[in-house]
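Architecture at a glance
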Amino acid sequence: MTKRFGELTAVDHVDLTVAAGEIYGFLGPNGSGKTTFLRILCGLLRADDGSGRVLGHDVIAESEAIKREVGYMTQRFSFWEDLSIEENLDFVARMYDVKNRRQTVRESIEQLGLAERKDQLAGELSGGWKQRLALAACLIHRPKLLLLDEPTAGVDPKARRDFWEQIHQLAAQALTFLITTHYMDEAERCQRLAYISKGKLLAAGTVDEVISRVGLTTWSVRGRDLAQLAEQLRKTPGVQQAVAFGNSLHVSSTDAAALQRAIAPFRHEPYDWRQIPSGLEDAFISLMEHDRSTA
Amino acid sequence: MKQPHRFSFQRLRGIIAKEFTQMRRDRLTFAMMLGIPLLQLTLFGYAINSDPRHLPAAVLLADQGPQGRTLLYAMKNSTFFNFVRQVKTEREGRELLERGQVLFVVNIPENFSRDLWRGDRPEVLVEADATDPVATSTALGSLGSLFDTALQNDLKGSLATLAGTSGPIDLRVHALYNPEVVTQYNIVPGLMGVILTMTMVMITGLAITRERERGTMENLLSMPTRPSEVLIGKIVPYILVGYIQVAVILIAASFLFHVPIEGSIILLGVVALVFIAANLAMGITFSTIAKNQLQAVQMTFFFFLPSILLSGFMFPFRGMPRWAQMLGEVLPLTHFLRIVRGILLKGNGIADVSLQLWQLALFALVALTIGIKRYRQTLD
């Protein structure tokens, strides 16, 4: 898929396969083209180049059929704030020609646990509740694929965890998810991942596959004055990144031997060095750094 | 590839129901829909009095005889004129006119009475402030018959022969005034068109740009809705609003301003439907161009001003230059004004208004087609 806006190529030959029933994470910095890609899939934007099939339908020619089987949750809350919870759900149900509309809406409200607040205006809801309402509305026509664009932005950790519980339950019922996120813990909850930057797909696969593909060696240091150490290490050739993780510092490079040489002068008291398996976050920071240095 | 996707009344009903609910919640817009007709009716109907009386006038009375005074008393009694000043020279009178202190200067020359008795048809000059022709035309129009009846008593007996002929006085009016006598009968029916133009174009313009501004358009587009469903769904609720406005204006026209309703109300209802649809379609077309609600409002005014100025509402249509008339012919308000005045005041029937009605319908069709064509189903 390719999508251009004037000079800018927002999505540059992104090639992606998501298996049915999978939770697929879509990561990348702001402005990397994640939202554009989702919008192409659900027919909101037309791709300039490329082809694709969503649930067996051609992305470009059969966008109407796709719309009926896909639920798309926008990044910004996009339901009607001057309509009540019930009115919003009822409207969406009507737009999809849902059978037994009233009953479906009632069930949806009960599942949400909002039976008593169904007459409350959507605009008065908190961020967490808005997100739950949006998800319920996206599910009301029983889609087979859900495209969620940063669904948990601005939602507290408890609500985020509940949300992911629900995603996993739904995935168990053969629903497929394509979710964009910035959160590493969320990325790790996905079965497979893709990393996109400046419109280009940089890595794709399971969490372990993505980490091993980046091929990073990481050392963890503990001790005093880590901030100062980090500063010195960043200036040392052979060290690609030095990132603070709580009370420790992760020092990584794709060249294990060079890293070993580089950190040798610092391996003394009060520092405690230990080689650790690289995490997803280390891998992504590496991808982002690499991307910036080549730009 | 064929897409098994038909127009759905279920969806259309859904959109209509949503619009009504949002309309009810949006107090300001709702107040505007009722407030604008009432405010404009009061402003145009009462404040802007096109049949003004007690207009300030000055008199230059050179005549020593009784008939000059008779004329002045008659003018005063007609309640159109209120003599506030007596001037000595024409120059003085002109100055008063220029400064706007009087609207008229009545000049009764020396030997007016004597010339009248002789049957020489003496000249009476009335200079009128033509900058506001609407204000002065009724008063000026009344002068001819006013003078004739005023002098009837004095011209009995030996002078009776003069009364019957071309009139005993040579009345000269120096003013450029409206060829059409504009009165409230003319303005109130016209207001119906003006109010509908303003509110209908703006409300639909807002209804669609609002979805875009709040980000809900992205959501609406990701659903399997068709452009025609969305656009018609947004038009229908406001047709009802338009009818409520028509009813308010008709009731006010009849009870407050005693405008006669000579023709058929049902015919008026049919015409109003076409006119409302034309304006709503215009609003939709604007909304496909405007990026936000503010631009939609600006475009409304861009359309509203020529409508008011060139349709014959403010100025007599035939008094305008040719290019302005041609522009005016394109505007739906021009045709609606002719129809509505025809029906209400002249009792026009369907045959009389059919040409104008077709022109209105054509405008509505063209505007709606452009609107649907321009309404994008994608975000790019």
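Since we're looking at a predicted model, the values are computed, not measured.

**Regarding the overall build of chain A**
Looking only at helices and strands, chain A has eleven helices and 14 strands in total. By principal-axis analysis of the C-alpha atoms, chain A measures approximately 70 × 45 × 35 Å. When each of the 295 residues of chain A is scored for burial, the buried share is 54%. Contacts spanning at least 24 positions in sequence make up 69% of the contacts within chain A whose residues lie at least 6 apart. Carbon and sulfur atoms provide 47% of the accessible area of chain A, an area that totals close to 13,900 Å².

**Comments concerning the overall build of chain B**
Along chain B, the regular secondary structure elements total 15 helices and five strands. Within the span of chain B, comprising 380 residues, buried residues form 53% of the whole. Within chain B, contacts between residues at least 6 apart in sequence are counted, and of these 81% link residues at least 24 apart. Here chain B displays about 18,000 Å² of accessible surface, and carbon together with sulfur accounts for 62% of that area.

**Some words on the interface of chain B and chain A**
Taken together, the 33 residues of chain B in the interface contact 32 residues of chain A. For the pairing of chain B and chain A, the buried interface totals around 3,100 Å² over both sides, and the portion due to carbon and sulfur atoms is 53%. Remark: the boundary between chain B and chain A carries four salt bridges. In this structure, Asp97 of chain A and Arg11 of chain B form a salt bridge, with 3.3 Å as the shortest nitrogen-oxygen distance. The interface formed by chain B and chain A contains 13 residue pairs in polar contact (both at pLDDT 80 or more). The dominant element in the side of chain B that touches chain A, judged by the number of residues it contributes, is helix H1 (residues 9-25) of chain B, at eleven residues. Taken together, the residues that form the side of chain B that touches chain A break down as nine nonpolar, 14 polar and ten charged.

**Brief notes about the packing of aromatic side chains**
Per the stated rule, a full pass over the model turns up eleven aromatic pairs over all chains. Aromatic pair Trp80 of chain A and Phe91 of chain A: ring centres 4.9 Å apart, planes at 80°, arrangement edge-to-face. Of the two residues, Trp80 of chain A sits in the loop between strand S6 (70-73) and helix H3 (85-95) while Phe91 of chain A sits in helix H3, which places them eleven residues apart along the sequence. On the basis of an interplanar angle of 70° and a centroid distance of 5.3 Å, the ring pair of Phe7 of chain B and Phe9 of chain B is categorised as edge-to-face. Judged by its relative accessible area of 57%, Phe9 of chain B falls in the exposed class. Cluster of aromatic residues (ring-pair linked, three or more members): Phe77, Phe79, Trp80 and Phe91 of chain A. Across from the ring centre of Tyr183 of chain A, 3.9 Å away, lies the NZ or CZ of Arg160 of chain A, which sits over that ring. For Lys18 of chain B, the ring lying beneath its charged end belongs to Phe91 of chain A, and the centroid distance is 5.3 Å.

**Describing the nonpolar core**
Residues Leu89 and Phe177 of chain A are the most contacted members of the largest nonpolar core, which totals 152 residues. Per-element tally for this core: the top contributor is helix H8 (residues 184-213) of chain B, with 15 residues. The residues touching Phe177 of chain A, leaving out its near neighbours within four places in the chain, are Val18, Glu22, Ile23, Tyr24, Leu145, Leu146, Leu148, Ile167, Leu170 and Ala171 of chain A. Ranked by size, the runner-up nonpolar core spans 27 residues in total, among them Ala57, Leu71, Ile108 and Ala128 of chain B.

**Let's talk about the domain arrangement of chain A**
Segmenting chain A into domains produces domain 1 (3-210) and domain 2 (217-277). Taken over C-alpha atoms, the centre of domain 1 of chain A sits 39 Å from the centre of domain 2 of chain A.

**Observations regarding the side chain of Lys3 of chain A**
In this fold, Lys3 of chain A is placed in strand S1 (residues 3-5). At 2.8 Å, the side chain of Lys3 of chain A forms a polar contact with the backbone oxygen of Arg46 of chain A.

**As for helix H6 (residues 157-172) of chain A**
Counting along an α-helix, one turn takes 3.6 residues, and residues three or four places apart therefore face a common direction. All names here are of chain A. Counted at 1.5 Å a residue, the expected span for H6 with its 16 residues is 22 Å, and the 23 Å between its end C-alpha atoms agrees. Buried residues of H6: Ala159, Arg160, Phe163, Trp164, Ile167, Leu170 and Ala171, and no others. Viewed end-on, H6 has its buried residues packed into an arc of 135°, placing them on one side of the element. The outward face of H6, more than 90 degrees from its buried face, is lined by the exposed residues Lys158, Arg161, Gln169 and Ala172. Residues of H6 that are buried in the fold lie against strand S3 (23-27), helix H5 (127-139), strand S7 (145-149), strand S8 (176-181) and helix H7 (184-189). Two to three positions downstream of the cap, the backbone nitrogen of Lys158 sits 3.2 Å from a side-chain oxygen, assigning the N-cap of H6 to Asp156. Looking one or two places after H6, you find Ala174, whose phi comes out positive at around 75°.

**Points about the confidence of the model for chain B**
Residues and elements named next belong to chain B. Of all residues in chain B, 83% attain a pLDDT of 70 or more, and the chain-wide mean is 80. Averaged pLDDT values for the elements of chain B fall to 51 in helix H7 (residues 160-164) and rise to 91 in helix H11 (residues 265-289). Note on residues 176-182: pLDDT under 50 across the span, and 17 contacts to partners over four residues away in sequence or across chains.

**Comments concerning the environment of Val105 of chain A**
Residue and element names in this part refer to chain A. Structurally, Val105 can be placed in helix H4 (residues 101-112). Its relative accessible area of 3% is what places Val105 among the buried residues. C-alpha of Val105 to C-alpha of His268: the two residues are 163 residues apart in sequence and 65 Å apart in space. Residue contacts for Val105: discarding those within four places in its chain leaves Glu86, Leu89, Asp90, Ala93 and Ile140.

**Quick notes on the sheet that holds S7 of chain A**
Strands belonging to one sheet form pairs held by backbone hydrogen bonds; the direction of such a pair is parallel or antiparallel. All names here are of chain A. Reading across the sheet, the six strands line up as S6-S7-S8-S3-S9-S10 and stay open at both edges, with mixed pairing between neighbours. If you trace the sheet from one side to the other, it starts and ends with S6 and strand S10 (200-205), each paired once. Strand after strand, the sheet turns through a mean of 15° between neighbouring axes, direction not considered. Contacts between H6 and the sheet are confined to S3, S7 and S8, with S8 contributing the most and set at about 155° to the helix. Lying over the sheet, helix H8 (residues 207-214) contacts strand S9 (192-197) and S10, oriented at roughly 120° with respect to S10.

**Some thoughts on the sheet that holds strand S13 (residues 248-253) of chain A**
All names here are of chain A. Strand order across the open sheet formed by four strands is S12-S13-S11-S14, with antiparallel pairing between neighbours. The open sheet has two edge strands with one neighbour each: strand S12 (241-245) and strand S14 (272-276). Geometrically, the sheet is characterised by an average inter-axis angle of 25° between neighbouring strands, direction not taken into account. Pairing between S12 and S13: five bridges, direction antiparallel. Looking at the pairing, Val243 lines up with His250 of S13.

Here is what the cut-offs are and how they apply
- Residues numbered from 1 in each chain as written.
- Chains lettered and ligands numbered in written order.
- Predicted model: local features only at pLDDT ≥ 70, side-chain atom pairs only at ≥ 80, totals over all residues.
- Heavy atoms only, no water.
- Helix = DSSP H or I, 4+ residues; strand = E, 2+ residues; numbered from the N terminus.
- Buried < 20%, exposed > 50% of the residue type's maximum accessible area, 1.4 Å probe, protein only.
- Contact = heavy atoms within 4.5 Å.
- Areas by Shrake-Rupley, 256 points an atom, 1.4 Å probe, with all protein chains shown as cover.
- Buried area = accessible area lost by both parts, 1.4 Å probe.
- Salt bridge = Lys/Arg side-chain N within 4 Å of Asp/Glu carboxyl O.
- Polar contact = N/O pair within 3.5 Å; in protein donor to acceptor, adjacent residues only side chain to side chain.
- Nonpolar A, V, L, I, M, F, W, Y, C, P; charged D, E, K, R; others polar.
- Phe/Tyr/Trp six-rings, centres within 6.5 Å; stacked < 30°, edge-to-face > 60°.
- Lys NZ or Arg CZ within 6 Å of the ring centre and 35° of its normal.
- Core = buried A, V, L, I, M, F, W, Y, C linked by side-chain atoms within 4.5 Å.
- Domains from an automatic or database assignment.
- Expected span 1.5 Å × (residues − 1).
- Arc of directions from axis to C-beta.
- pLDDT = per-residue confidence, 0-100.
- Pairing = 2+ DSSP bridges.
- Axes fitted to C-alpha atoms, helices over the stretch in contact; angles between N-to-C directions.

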